[in-house]
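Close look at the chain arrangement
One-letter residues, chain by chain:
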Amino acid sequence: MVYSVQVKRNYSEYKDYTFEDTYFQGSERCFNSEQEAVQYFQSFEDWEQELLVIEVFPF
């Protein structure tokens, strides 16, 4: 499995993600283990974590 830490987006409603995309530019990363992804996710401050999500891809 691949674990991706990325900006949290809701595509069912329109929202401008310009701030998030600019602020986290280069911060989105993929990991081979959940532990690595969680550790990286937790390296961000609480308010930053609210803007991020860990996505799981089964390939």
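This section reports on the structure supplied with the text.

1. Some remarks on the sheet that holds strand β2 (residues 29-31)
- One open sheet holds the three strands; their spatial order is β2-β1-β3, and the pairing between them is antiparallel. With one partner strand each, in any of the chains shown, β2 and β3 (52-57) form the two edges of the open sheet. Averaged over all neighbouring strand pairs, the angle between strand axes comes to 25°, with direction disregarded.
- In this structure, strand β1 (residues 2-7) lies alongside β3, joined through six bridges in antiparallel fashion. Considered in β3, the bridge of V5 is made with I54.

2. Considering the pairing of β1
- Where β1 lies against β2, three bridges are found, and the strand directions are antiparallel. In the strand pairing of β2, V5 is matched with R29.

3. Focus on the nonpolar core
- Counting eleven residues, the largest nonpolar core is built from Y3, V5, V7, F24, F31, A37, Y40, F41, F44, L51 and L52.
- Looking at this core, the elements that each hand over two or more residues are β1 and α2 (34-42).
- Excluding anything up to four places from it in sequence, F41 contacts V5, Q49, L52, V53 and I54.

4. A closer look at the packing of aromatic side chains
- For the coordinates displayed, the defined rule picks out six aromatic pairs.
- Taking 5.4 Å as the distance between ring centres and 45° as the angle between the ring planes, the aromatic pair formed by F31 and Y40 counts as tilted.
- Take Y40: its relative accessible area is 14%, and that puts it in the buried class.

5. A look at the side chain of E20
- Relative to the assigned elements, E20 resides in helix α1 (residues 18-23).
- Relative accessible area serves as the criterion here: at 6%, E20 is assigned to the buried category.
- Among the polar contacts made by the side chain of E20, one reaches the side chain of K15 at a distance of 3.1 Å.
- When residues no more than four places from it in sequence are discounted, the contact partners of E20 are V7, K15 and L51.

Each value, and the rule that gives it
Residues numbered from 1 in each chain as written. Predicted model: local features only at pLDDT ≥ 70, side-chain atom pairs only at ≥ 80, totals over all residues. Heavy atoms only, no water. Pairing = 2+ DSSP bridges. Helix = DSSP H or I, 4+ residues; strand = E, 2+ residues; numbered from the N terminus. Axes fitted to C-alpha atoms, helices over the stretch in contact; angles between N-to-C directions. Core = buried A, V, L, I, M, F, W, Y, C linked by side-chain atoms within 4.5 Å. Buried < 20%, exposed > 50% of the residue type's maximum accessible area, 1.4 Å probe, protein only. Contact = heavy atoms within 4.5 Å. Phe/Tyr/Trp six-rings, centres within 6.5 Å; stacked < 30°, edge-to-face > 60°. Polar contact = N/O pair within 3.5 Å; in protein donor to acceptor, adjacent residues only side chain to side chain.

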